[in-house]
Amino acid sequence: MTTKQQADAAVAPLASLSRRKLLKTALWASAGTALVVAGGFAWLRRSPVDELPAPDGLKQLSASEYHLFRRAIEVLLPTDGTLLTPVAQIPVIANIDHLMGLVEPAIREELGIALGLFDNAAVFSGLHGKRFVDLDDEAALRYFDVWSAGNTLQRTLATVVKKFVYVSYWRDPATWPPIRFDGAVSDRWGIPSLGNSPLPDESVEVTA
Amino acid sequence: MRPINMRREGVNVTQAKDVARDPSLGRQFSIQTDVVIVGSGAGGAVMAYELAKAGRKVLVLESGRYWPSAEFTENLGDTLTKVYRDQAAQANTTTDVLFLEGNCVGGSTVIGACVMQRPGDEVFQKWSDELGLKGLGPRELDKYFEQVEGWLHVHTNEAHEVNTTAHKVIQGCERMGFSWRPVQRNVKNCALTGHCLAGCPSDRKMSALVTHLPWAAAYGARIFSDTEVSRVLMRGGRATGVEAVIRDPDTGTVVSNVRVDAQVVVLAAGAIHTPLILQRSQAPDRGGNIGRNMAVQPFTQVLATFKEDLYGFQGALVGVEVDEFLKSDGFTFYSALAEPEQLMATGEQEAGDEHINFMKSFKRMAGLNAFAIDKGEGQVIWEGDHLNGRKVIKWSPSREDFERITRATSIAARIFFSAGAERVWLPTFQKMHADSVFDLDEKLARVDYGINGIYSYRMNSFTPHGTCRMGLDPYESVVSADGEVHGVSGLYVADASIFPTPVSSTPQWTVQVLSRYVADRILARAPSHFLS
Ligand SMILES: Cc1cc2nc3c(=O)[nH]c(=O)nc-3n(C[C@H](O)[C@H](O)[C@H](O)COP(=O)(O)OP(=O)(O)OC[C@H]3O[C@@H](n4cnc5c(N)ncnc54)[C@H](O)[C@@H]3O)c2cc1C
């Protein structure tokens with residue numbers, strides 16, 4: 001089940017930035033001088049995925065956000081050939097879409113800008129020359145790693161994207177058996193309820 | 001003698017749906033009672049029981065829902081959403097520190113980790129000798145501590161309650177020569193599920209839900225859930241009752257507005273919300289202390305991966321504590337490993353194959369959690385009018401807190417390396433782990449205090465206290481030695497807010513003892529408070 005708590009937790013770092021009214025200006029600055037100088041150009045860098053439609057049924061994610069998360073899921077959760085539950089079997093995108101709907105409207109707006117920046121800043125950050133959605137696996141992974149160790153704003157954005165992806169995957173109980181987490185056990189183990197504790201025996205009265 | 005009947009399971013609670021169904025109540029109604037208690041957690045439940053048992057007509061108003069234990073799912077994500085305040089996203093202004101708190105009948109006792117710790121005598125000695133709070137001396141409180149201990153089955157963990165995570169901690173401590181001991185917990189026949197933070201579906205945790213609340217109800221106390229108190233009503237320096245709003249917990253729509261007329265009002269809404277209620281009520285505050293002096297006991301979690309499978313998430317959640325540094329440095333460590341979903345919130349979880357490997361090693365992990373003492377410099381503020389304003393929580397680590405947390409992290413990591421850890425995951429916002437003790441200091445040196453320590457270490461607070469501190473001087477404190485708000489007769493506070501100074505122990509036991517103490521003070525002054 002997807003929850004508002006997870007949405008709030010995932011965007012929590014971002015919320016602080018917006019509250020400090022830093023986000024818009026600082027986000028741009030964080031991407032480096034090159035981006036500031038050639039900002040408009042970078043933003044308009046086209047990607048082949050821009051032509052691809054987003055699946056029906058998404059309520060919150062724009063097409064470009066969908067493509068960003070789709071790529072982030074591929075990069076962050078390479079479950080193929082591992083013992084983990086294949087990522088394709090978990091409705092990660094649907095969960096992210098739902099979480100997005102729970103984010104406060106003001107933060108949702110900032111989040112849209114932030115995700116756009118995360119995608120576009122790859123053009124200059126590390127001189128990839130491509131948007132994040134177009135990076136190959138290795139470069140995309142490096143992009144996450146560099147941003148995870150970068151300045152506060154870069155760390156924040158990398159954390160936000162990762163949290164959305166990871167929480168949307170790991171909260172599904174179907175992901176637990178391969179890591180041997182038991183989940184709920186009381187029913188399975190047949191543990192009886194003890195009910196209310198009996199009224200205390202107050203024959204020994206406490207006085208102040 | 002009144003006949004006392006207690007339910008075997010569950011508590012009689014009037015919920016929003018019951019109010020909505022009752023045509024005699026309507027959208028606006030009032031209730032008369034002797035005592036109204038705001039909040040049904042550790043402090044409120046004890047107060048309700050003591051006063052109801054003493055024959056007072058008691059009404060408890062609780063903002064959260066009533067969750068009978070049978071509805072606990074042992075799914076932390078689910079519980080965080082339903083049972084924790086603000087879906088567990090209550091945070092400071094910089095949103096890097098979460099303040100977790102129960103918002104349900106039974107309050108935080110329902111989701112607590114069951115650790116019961118009694119502060120050292122020197123704490124109470126200080127409260128009694130230096131602060132002049134004579135009733136809070138160690139000997140004076142002894143009997144209360146013993147009573148809670150007996151009633152709530154507080155016991156030292158037995159061998160079967162010490163899980164593999166705890167054994168790794170013991171092993172590390174033994175090698176380092178650090179003092180450790182099994183924790184004391186308030187559990188009866190623990191089922192060893194490890195799901196304490198999601199509530200106990202088999203009622204083994206001695207939370208207020210299965211102890212003081214049903215006991216209070218047996219003595220006639222009435223409990224309303226879904227009922228948020230907006231402010232205390234006062235006239236001529238006297239508390240006369242409270243105003244509250246009853247909301248449908250599913251939709252948030254207002255079901256009724258209620259006014260309670262009471263001879264005594266007791267606030268037990270916890271260290272964050274009690275001061276907010278007082279601020280909304282414009283209670284007198286000569287020294288500007290309401291909401292100030294908040295100690296948060298910053299909590300950080302160090303994870304370690306070992307060679308062998310541990311399944312460290314199985315068994316009793318908390319096994320042992322490391323008490324070596326309590327006096328010298330002001331922090332205690334508790335062994336405990338979170339659920340997979342909580343790992344996502346507490347650390348930087350790598351990316352790609354490294355993330356997969358990290359999660360695959362979950363069964364080989366152990367966790368050690370540091371609770372540090374801080375100076376009590378946090379603050380909660382209500383901004384705006386009493387109905388439409390908002391709460392603001394201010395706390396960031398001071399440089400001293402930051403240094404202390406760095407030291408605690410370093411010690412926790414060393415304990416794990418001594419126990420044979422292959423890798424230790426550091427609780428920083430930066431991606432950071434260490435593969436040997438030699439690597440560790442260099443890594444920790446990279447953690448920068450930056451601007452006010454924000455986004456340095458990942459910290460949470462489970463145990464804020466001290467926001468309405470007790471003291472003799474109305475310019476220095478909020479409540480008197482009796483727990484009564486300075487300048488308002490009949491308005492008492494009986495929860496974690498009234499701690500006179502920050503403590504380093506887990507607070508629940510002390511909250512319950514202080515509430516019992518304030519209950520006795522109210523009863524001792526009954527002739528001046530109650531008409532009958
Ligand atoms: C996850 C977690 C684990 C913990 N583990 C431990 C542990 O192992 N050991 C330990 O000693 N301590 C632990 N604690 C802390 C401990 O539970 C608290 O210190 C203690 O419960 C505080 O008691 P209280 O009465 O002040 O507040 P609470 O027990 O939190 O009760 C306050 C109640 O007031 C209600 N309330 C708030 N505002 C209003 C309003 N306006 N109107 C009506 N009702 C309102 C709240 O919903 C809540 O039910 C833990 C806390 C958490 C959150």
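Cut-offs applied
Note that residues are indexed from 1 along each chain, following the sequence as it is written. In the order they appear in the text, chains get letters beginning with A and ligands get numbers beginning with 1. Under the rules for a predicted model, residues below a pLDDT of 70 receive no local features and side-chain atom pairs below 80 are neither given nor counted, while totals for whole chains, interfaces and linings still include all residues. Side-chain calculation: all heavy atoms of the structure are included, whereas hydrogens and water are not. Numbered from the N terminus, helices here are DSSP runs of H or I no shorter than four residues, and strands are runs of E no shorter than two. As defined in this context, the radius of gyration uses C-alpha atoms, and a globule is described by 2.2 Å times the residue total to the power 0.38. Three exposure classes are used, based on accessible area relative to the maximum for each residue type with a 1.4 Å probe and protein chains only: buried under 20%, partly exposed in between, and exposed over 50%. In what follows, a contact means two residues having at least one pair of non-hydrogen atoms within 4.5 Å. When charges are tallied, Lys and Arg are placed among the positive residues and Asp and Glu among the negative ones, while His and the ends of the chain are skipped. By convention, charge coordinates are those of NZ in Lys, CZ in Arg, CG in Asp, or CD in Glu. Throughout, the accessible surface (probe 1.4 Å) given up by two parts as they are put together, summed over both, is called the buried area. Between Lys or Arg on one side and Asp or Glu on the other, a salt bridge is scored when a side-chain nitrogen of the former is within 4 Å of a carboxyl oxygen of the latter. Any N or O atom pair separated by 3.5 Å or less is treated as a polar contact, with the protein-specific requirement of one donor-capable and one acceptor-capable atom, and with residues adjacent in sequence counted only for side-chain atom pairs. If a single non-hydrogen atom of a residue is within 4 Å of a molecule or strand, that residue counts as near it. The Shrake-Rupley method, run with a 1.4 Å probe sphere, supplies the accessible areas, and residue values consider only the shown protein chains as cover. Segmentation into domains, and thus their bounds, comes from an automatic or database assignment. Put simply, a disulfide is two cysteine sulfurs that come within 2.5 Å. The predictor's confidence in any single residue is recorded as pLDDT, a number from 0 to 100. Pairing of aromatic rings covers Phe, Tyr and Trp, the last counted by its six-membered ring, and requires centre-to-centre distances within 6.5 Å; plane angles under 30 degrees mean stacked, over 60 mean edge-to-face, and any other angle means tilted. Placement of a positive charge over a ring is assigned whenever Lys NZ or Arg CZ falls within 6 Å of the ring centre and within 35 degrees of the normal to the ring plane. In this analysis, strands are considered paired if DSSP registers two or more bridges between them.

Asker: Looking at this structure, how should I read the overall build of chain B?
Answerer: Assigned secondary structure in chain B consists of 15 helices and 20 strands. Here the C-alpha radius of gyration of chain B, 23 Å, is about what a compact globule of 532 residues would show, namely 24 Å. Reported as C-alpha extents along the three principal axes, the dimensions of chain B are approximately 70 × 45 × 45 Å. The buried share among the 532 residues of chain B stands at 67%. Residue pairs in contact within chain B that sit at least 24 positions apart in sequence constitute 74% of those at least 6 positions apart. In chain B, which carries 55 positive and 62 negative side-chain charges, the distance between the mean positions of the two groups comes to 4 Å.

Asker: I tried to follow the interface of chain A and chain B on my own but got confused; where do I start?
Answerer: Opposite the 58 residues of chain A that make contact, chain B presents 73 residues. Both faces considered, chain A and chain B share a buried interface measuring about 5,400 Å² in area, 57% of it formed by carbon and sulfur atoms. Linking chain A with chain B are 0 salt bridges, by the criterion used here. The interface formed by chain A and chain B includes 19 residue pairs in polar contact (both at pLDDT 80 or more). For the side of chain A that touches chain B, the elements supplying multiple residues, two or more each, are α1 (4-19), α5 (63-76), α8 (137-148), α9 (152-170) and α10 (186-189) of chain A.

Asker: What should I look at first to understand the pattern of salt bridges in this one?
Answerer: One side chain can pair with another of opposite charge once the charged atoms of both are near each other. Using the criterion set out here, one finds 41 salt bridges over all chains in the structure. Between R181 of chain B and D323 of chain B there is a salt bridge, with its nearest N and O atoms 3.4 Å apart. With R181 of chain B in strand β5 (residues 180-182) and D323 of chain B in the loop between β12 (320-322) and α9 (326-329), this pair connects stretches of sequence that are 142 residues apart. The class for D323 of chain B is buried, based on a relative accessible area of 18%. E383 of chain B is the partner of R390 of chain B in a salt bridge, and the nearest nitrogen-oxygen pair spans 3.5 Å. When its relative accessible area of 46% is taken as the criterion, R390 of chain B is described as partly exposed. Through salt bridges with shared partners, one network takes in R70, R71, E74 and D137 of chain A.

Asker: Could you clarify how one ought to interpret the site of the ligand in this entry?
Answerer: Residue and element names in this part refer to chain B. Taken together, 40 residues form the shell around the ligand, and within it G43, E62, S108, V115 and Q508 come nearest. Between N103 and the ligand, the recorded distance is 3.0 Å, taken from a side-chain N or O atom to an oxygen atom. Note that an oxygen atom of the ligand is positioned 2.7 Å from one of the side-chain N or O atoms of S108. For the ligand, the accessible surface in isolation is 990 Å², of which the surrounding protein chains cover 97%.

Asker: What is the right way to look at the environment of L84 of chain A in this model?
Answerer: Here L84 of chain A is to be found in the loop between α5 and α6 (92-102). Taking C-alpha positions, L84 of chain A is 5.4 Å from P178 of chain A, a pair spaced 94 residues apart along the chain. With residues near it in sequence (within four places) discarded, L84 of chain A still touches T79, Y169, W170, P178 and I179 of chain A together with I356 and K360 of chain B.

Asker: Got a minute to help me understand the domain arrangement of chain B in this structure?
Answerer: By a frequent convention, interface size equals the accessible area lost on bringing the separate parts together. Residue and element names in this part refer to chain B. Assigned domains within chain B: domain 1 (13-153 + 197-294 + 463-529) and domain 2 (155-187 + 299-373 + 398-455). Taken over C-alpha atoms, the centre of domain 1 sits 32 Å from the centre of domain 2. Where domain 1 abuts domain 2, roughly 2,000 Å² becomes buried across the two surfaces, and 55% of that area is made up of carbon and sulfur atoms. Counting the contacts that link domain 1 with domain 2 gives 0 salt bridges. For the pair domain 1 and domain 2, the interface holds 6 residue pairs in polar contact (both at pLDDT 80 or more). Within the residue set of the side of domain 1 that touches domain 2, elements represented by two or more residues are α3 (76-83) and α14 (508-524).

Asker: Explanation requested: unusual backbone geometry in the structure shown.
Answerer: Phi is mostly negative for residues that are not glycine, and the peptide bonds are mostly trans. Residue and element names in this part refer to chain B. For H153, which is not glycine, the phi dihedral falls at a positive 55°. Structurally, H153 can be placed in the loop between α5 (138-151) and β4 (154-156). The backbone of Y311 sits at a positive phi, close to 50°, despite the residue not being glycine. On the basis of relative accessibility, which here comes to 19%, the residue Y311 falls in the buried class.

Asker: Any chance you could explain the state of the cysteines here in plain terms?
Answerer: All names here are of chain B. On inspection of all chains with the given rule, the structure shows 0 disulfides over all chains. Of all cysteine sulfurs in the structure, the one in C196 sits closest to C114, which takes part in no disulfide; the separation is 4.0 Å. Between C190, a cysteine without a disulfide, and C196, which holds the nearest cysteine sulfur, the sulfur-to-sulfur distance is 6.1 Å.

Asker: Is there a simple way to think about the confidence of the model for chain B in this case?
Answerer: For any part of a model where pLDDT is low, the fine detail of the predicted coordinates should not be relied upon. In the predicted model, chain B carries a mean pLDDT of 94, and 99% of its residues have values of at least 70. Reported for the predicted complex are a pTM of 0.90 and an ipTM of 0.93.

Asker: Whenever I open this one, the packing of aromatic side chains confuses me. Can you help?
Answerer: Any two aromatic rings considered together are summarised by their centre-to-centre distance and by the angle between their planes. A full pass over the atoms with the stated rule returns 34 aromatic pairs over all chains. Between F181 of chain A and F313 of chain B, the ring centres sit 5.4 Å apart and the planes meet at 75°, which makes this aromatic pair edge-to-face. Of this pair, F181 of chain A sits in the loop between α9 and α10 while F313 of chain B sits in the loop between β11 (299-305) and β12, each in a different chain. When its relative accessible area of 7% is taken as the criterion, F181 of chain A is described as buried. Judged by relative accessible area, which is 5%, F313 of chain B ranks as buried. Here F178 of chain B and F325 of chain B contribute two aromatic rings whose centre-to-centre distance is 4.9 Å and whose plane-to-plane angle is 80°, an arrangement assigned as edge-to-face. Residue F178 of chain B is found in the loop between α6 (164-176) and β5, and its partner F325 of chain B is found in the loop between β12 and α9; the two are separated by 147 residues along the sequence. Here F178 of chain B falls in the buried class, since its relative accessible area comes to 16%. Since its relative accessible area comes to 6%, F325 of chain B is described here as buried. Linked through ring pairs, F118, F132, Y143, F144 and W147 of chain A together constitute an aromatic cluster. The ring centre of W382 of chain B lies 4.6 Å from the NZ or CZ of R280 of chain B, which sits over that ring.

Asker: Help me understand the side chain of Q297 of chain B, please; the structure alone is not making it clear to me.
Answerer: Residues and elements named next belong to chain B. With respect to the element layout, Q297 can be found in the loop between α8 (270-280) and β11. At 2.8 Å, the side chain of Q297 forms a polar contact with the backbone oxygen of V503. With residues up to four places along the chain from it excluded, the contact list for Q297 reads F371, A372, D374, N460, T463, H465, V503, S504, S505, T506 and P507.

Asker: How do you make sense of the confidence of the model for chain A when you look at a structure like this?
Answerer: Residue and element names in this part refer to chain A. Per-residue confidence for chain A averages 77 on the pLDDT scale, and 73% of its residues sit at or above 70. Averaged pLDDT values over the elements of chain A bottom out at 34 in helix α3 (residues 33-37) and peak at 96 in α10. Here residues 17-43 is modelled with pLDDT under 50, and outside its nearest four sequence neighbours on either side it reaches 44 contacts, counting other chains as well. Low pLDDT, under 50, characterises residues 204-208; the predicted model gives this stretch 10 contacts beyond four residues in sequence or across chains.

Asker: Explanation requested: the pairing of strand β16 (residues 390-394) of chain B in the structure shown.
Answerer: As a general feature of sheets, a regular strand has side chains that alternate between the two faces. Residue and element names in this part refer to chain B. As judged from the 5 bridges shared by strand β15 (residues 379-383) and β16, these two strands associate in the antiparallel manner. Paired with V380 across the strands is I393, a residue of β16. The antiparallel hairpin formed by β15 and β16 contains 6 residues in its connecting segment, where G384 sits at a positive phi of about 100°.

Asker: What exactly am I supposed to notice about the environment of L209 of chain B here?
Answerer: Within the secondary structure, L209 of chain B is located in the loop between β6 (184-186) and α7 (212-218). Accessibility expressed as a relative area gives 5% for L209 of chain B, which makes it buried. Each C-alpha atom, one on L209 of chain B and one on Q125 of chain B, is 32 Å from the other, the two residues being 84 residues apart in sequence. In this structure, L209 of chain B is in contact with N196 of chain A together with V11, Y66, W67, S69, F72, V105, V110 and P214 of chain B, ignoring residues within four places of it in sequence.

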